[in-house]
Amino acid sequence: MAIKADDVKHPDQVEDVFDWDAEVQGETPDLATHRTLRLANRAVAKFPELSGKYKAYAGAAAVVSSALTLMAGIAIARKMKRGMSADGALAALTAADIENAMQVAVRNQRYKRLLRKITLRHRNGQPAKRND
């Protein structure tokens, strides 16, 4: 279905009808998840130029995309996996680390899928035992 250009509204012209005072429903994150999200949000705040690049519109409000928070979390987790502390990883984090985090995660998943396929082919390709 085509949308006419006259029907498209700028996000500033959209009326915000979301009930911000309503009680939030959902699962409360555990302590480790809460710490990781807090660290990822600090990383996002460290690079305001990325916040502008990954801006999303929720009604009339402009918010930072959750994809940026996810990429920041991946970048920090990669640094911490190499033995850095949380504060050290945050201090050493660069904008390029955040930008490259998604490609690295996708590449790792691609390798894991490939290894799984090879393992399954190896298991299924074994010759059957004969009962002569």
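The paragraphs below set out a description of the structure included in this document. (Residues numbered from 1 in each chain as written. Predicted model: local features only at pLDDT ≥ 70, side-chain atom pairs only at ≥ 80, totals over all residues. Heavy atoms only, no water.)

**Points about the side chain of Lys79**
Here is step 1: Residue position: Lys79 is located in helix H3 (residues 66–81).
Here is step 2: Note on Lys79: relative accessible area 12%, which makes it buried.
Here is step 3: Excluding residues that lie within four positions of it along the chain, Lys79 makes contacts with Met84, Ala89, Ala92, Leu93 and Asp97. (Helix = DSSP H or I, 4+ residues; strand = E, 2+ residues; numbered from the N terminus. Buried < 20%, exposed > 50% of the residue type's maximum accessible area, 1.4 Å probe, protein only. Contact = heavy atoms within 4.5 Å.)

**A word on a nonpolar patch on the surface**
Here is step 1: Taken together, Leu114, Leu115 and Ile118 make up a surface patch of nonpolar side chains, about 290 Å² in accessible area.
Here is step 2: Position of Ile118 among the secondary structure elements: in helix H5 (residues 95–124).
Here is step 3: What makes Ile118 partly exposed here is its relative accessible area of 45%. (Patch = residues over 30% accessible without salt bridge, like charges linked within 9 Å, V, L, I, M, F, W, Y side chains within 5 Å. Areas by Shrake-Rupley, 256 points an atom, 1.4 Å probe, with all protein chains shown as cover. Salt bridge = Lys/Arg side-chain N within 4 Å of Asp/Glu carboxyl O.)

**Describing helix H1 (residues 31–46)**
Here is step 1: Taking 1.5 Å of rise per residue, the 16 residues of H1 would be expected to cover 22 Å, and the 23 Å separating its terminal C-alpha atoms lies within 8% of that figure.
Here is step 2: Buried within H1 are the following residues: Leu39, Ala40, Ala43 and Val44. Buried residues of H1, seen end-on, are gathered within an arc of 145° and therefore sit on one face of the element. Set apart from the buried face of H1 by more than 90 degrees, the exposed residues are Leu31 and Ala45. (Expected span 1.5 Å × (residues − 1). Arc of directions from axis to C-beta.)

**Brief notes about the packing of H1 against H3**
Here is step 1: Viewed as axis vectors pointing N to C, H1 and H3 meet at an angle of 110°, and their least axial separation amounts to 8 Å. Put simply, H1 runs roughly perpendicular to H3. Touching Leu39, Ala40, Asn41, Ala43 and Val44 of H1 are Leu68, Thr69, Ala72, Gly73, Ile76 and Met80, all from H3.
Here is step 2: A class-by-class count of the residues in the contact of H1 with H3 yields eight nonpolar, three polar and no charged. (Axes fitted to C-alpha atoms, helices over the stretch in contact; angles between N-to-C directions. Parallel < 35°, antiparallel > 145°, perpendicular 65-115°, else oblique. Nonpolar A, V, L, I, M, F, W, Y, C, P; charged D, E, K, R; others polar.)

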